[in-house]
Amino acid sequence: MSTETPPEDCSSMEALRAEIDRLDIELVQRLAARAGYIDRAIQLKQQNGWPARIPERVEEVVMNARAAAQREGLDPDLIESLWRQLVDWSIAREARVIREE
């Protein structure tokens, strides 16, 4: 695993872009890991007879992401929009297997 260079220590656009590219790869890896948990959620929901979409949980996940964004100094509206898309994708993935569609 490579070491992160703080933005202020990037002395060129090339160095800055390399860090952005490295972070993008890490983000994709984390999203792939999250998808693994969604796959397990499918199994557990099937065992319990639960639907893919549980509205209270959707809102909890989105609000957790908004709060994290605020703590990190990111735009909570942007993060909410991204997370709603991510959650909708996850639920659609679950629903295909649980056969709700």
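So, here's what we can say about the structure. (Residues numbered from 1 in each chain as written. Predicted model: local features only at pLDDT ≥ 70, side-chain atom pairs only at ≥ 80, totals over all residues. Heavy atoms only, no water.)

Overview of the layout of surface pockets
- Approximately 600 Å³ is the volume attributed to the largest pocket.
- For the lining of the largest pocket, the secondary-structure elements that each account for two or more residues are helix H1 (13-48), helix H2 (55-72) and helix H3 (76-98).
- Counted as a void, the second largest pocket has a volume near 360 Å³.
- Forming the boundary of the second largest pocket are Leu27, Arg30, Leu31, Arg34, Leu82, Trp83, Gln85, Leu86 and Trp89.
- Those elements giving two or more residues to the lining of the second largest pocket turn out to be H1 and H3.
- Take the lining of the second largest pocket: its biggest share by element is 5 residues, from H3.
- Class assignment of the residues belonging to the lining of the second largest pocket gives a composition of 6 nonpolar, 1 polar and 2 charged. (1 Å grid on protein atoms, 1.4 Å probe; cavity = no way out; pocket = protein on both sides within 12 Å on 5 of 7 lines; lining within 4 Å. Points joined across faces, edges and corners; volume = space filled by probe spheres on them. Helix = DSSP H or I, 4+ residues; strand = E, 2+ residues; numbered from the N terminus. Nonpolar A, V, L, I, M, F, W, Y, C, P; charged D, E, K, R; others polar.)

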